[in-house]
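One letter stands for each residue in the lines below.
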Amino acid sequence: MTVLYSARGAPSPRRARIFLAEKGIEVPVQDVDLRDQEQFADEFRRRNRCCTVPVLELDDGTCIAESDAICLYFETLHPEPALMGTDARSRALVRSWDRWVEMDGYLAVAEGFRNSFAGFKDRAVPGPHPVAQIEALAERGAQRYRYFLEDLDARLAESPFVALETFSVADITAMVTVDFARRALEIEPGDNLTHLHRWYGEVSARPSAQA
Ligand SMILES: N[C@@H](CCC(=O)N[C@@H](CS)C(=O)NCC(=O)O)C(=O)O
């Protein structure tokens, strides 16, 4: 049986769950208790040596880590509705914008959060190896995220959605990032970011946002 290993409240598994909901695909979900550090137990480590969720386990036991790779797997099996573009140009654009959101947005929030939250002491980077928190990186992450919000607003001034004229996985990644920052860094997009608010109202009203 195919199973999605997930965790409630964690942003990367949510990205995969929203993607599945947009496709109308139902996959059994098994939650990994991150607070209880279940991700480091041998049973889970065998599925993903990086000790992170989400992980998709296929019928034959193959385990696929990384939310982006899990989305690609389902996009290949179920091309409609297309969430990663439909031709060379649109596929490349979606990839380009999605990677930008992940690197400049999501990873900035993660940097700010993981270097400030006491629960991540010596776990400033997810995974099995101890990595010390660096206080200066907490502020740097928050600052990078604030720049990202301005840049996202500028992008949404010129385009209805992040990558294309239509909704794509880049919108999912960006919405998940904004919600992650709200909880983890207590940063709300400023009222002046009107294009971002117009876009966020639309994407967060989609039923998939509840996934
Ligand atoms: N790039 C990975 C990131 C995975 C990741 O960092 N997942 C977090 C939850 S959002 C996790 O499993 N953290 C476990 C930990 O902090 O020990 C992806 O997109 O799947």
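Data block above holds the structure.
Summarised in this report is the structure supplied together with it.

1. Section: helix H5 (residues 135–158)
Note on helix geometry: an α-helix contains 3.6 residues per turn, so any two residues three or four positions apart are oriented the same way. The end-to-end C-alpha distance of H5 is 36 Å, a good match for the 34 Å that 24 residues give at a rise of 1.5 Å each. Within the span of H5, buried status applies to Ala138, Gly141, Ala142, Tyr145, Phe148, Leu149, Leu152, Asp153, Arg155 and Leu156. Packed against the buried residues of H5 are helix H4 (88–114), helix H6 (169–184) and helix H7 (194–204).

2. Re the site of the ligand
Surveying the vicinity of the ligand reveals 17 residues, the closest of which are Gln39, Val53, Glu66, Ser67 and Arg123. Within the side chain of Gln39, an N or O atom sits 2.8 Å from an oxygen atom of the ligand. Between the ligand and Ser67 there is a distance of 2.6 Å, counted from an oxygen atom to a side-chain nitrogen or oxygen. Computed on the free molecule, the ligand has an accessible area of 520 Å², of which 90% lies beneath the protein chains in the complex. Given that more than half its atoms are within 2 Å of the pocket grid, the ligand belongs to the largest pocket. Among the residues forming the shell around the ligand, the class breakdown is nine nonpolar, four polar and four charged. Each of domain 1 (3–77) and domain 2 (88–210) gives at least three residues to the shell around the ligand.

3. Regarding the pattern of salt bridges
A pair can form between side chains of opposite charge whenever their charged atoms are brought close. Here the structure, examined in full by the defined rule, presents 14 salt bridges. A salt bridge links Glu22 to Arg206; the nearest nitrogen and oxygen atoms lie 2.9 Å apart. With Glu22 in helix H1 (residues 11–23) and Arg206 in the segment after H7, the pair connects residues that are 184 residues apart, well separated along the chain. A residue is classified by how much of its surface remains accessible, and Glu22, at 15% relative accessible area, is buried. With a shortest N-O distance of 2.6 Å, Glu75 and Lys23 are connected by a salt bridge. Placement of Glu75 in helix H3 (residues 67–77) and of Lys23 in helix H1 is noted, with a sequence separation of 52 residues between them. The pair Glu75 / Lys23 is uniform in exposure class, with both members buried. One network of salt bridges, with partners in common, ties together Arg14, Asp179, Arg182 and Glu188.

Quick notes on the rules
- Residues numbered from 1 in each chain as written.
- Predicted model: local features only at pLDDT ≥ 70, side-chain atom pairs only at ≥ 80, totals over all residues.
- Heavy atoms only, no water.
- Helix = DSSP H or I, 4+ residues; strand = E, 2+ residues; numbered from the N terminus.
- Expected span 1.5 Å × (residues − 1).
- Buried < 20%, exposed > 50% of the residue type's maximum accessible area, 1.4 Å probe, protein only.
- Contact = heavy atoms within 4.5 Å.
- Near = heavy atom within 4 Å.
- Polar contact = N/O pair within 3.5 Å; in protein donor to acceptor, adjacent residues only side chain to side chain.
- Areas by Shrake-Rupley, 256 points an atom, 1.4 Å probe, with all protein chains shown as cover.
- 1 Å grid on protein atoms, 1.4 Å probe; cavity = no way out; pocket = protein on both sides within 12 Å on 5 of 7 lines; lining within 4 Å.
- Sits in = over half its atoms within 2 Å of the grid points.
- Nonpolar A, V, L, I, M, F, W, Y, C, P; charged D, E, K, R; others polar.
- Domains from an automatic or database assignment.
- Salt bridge = Lys/Arg side-chain N within 4 Å of Asp/Glu carboxyl O.

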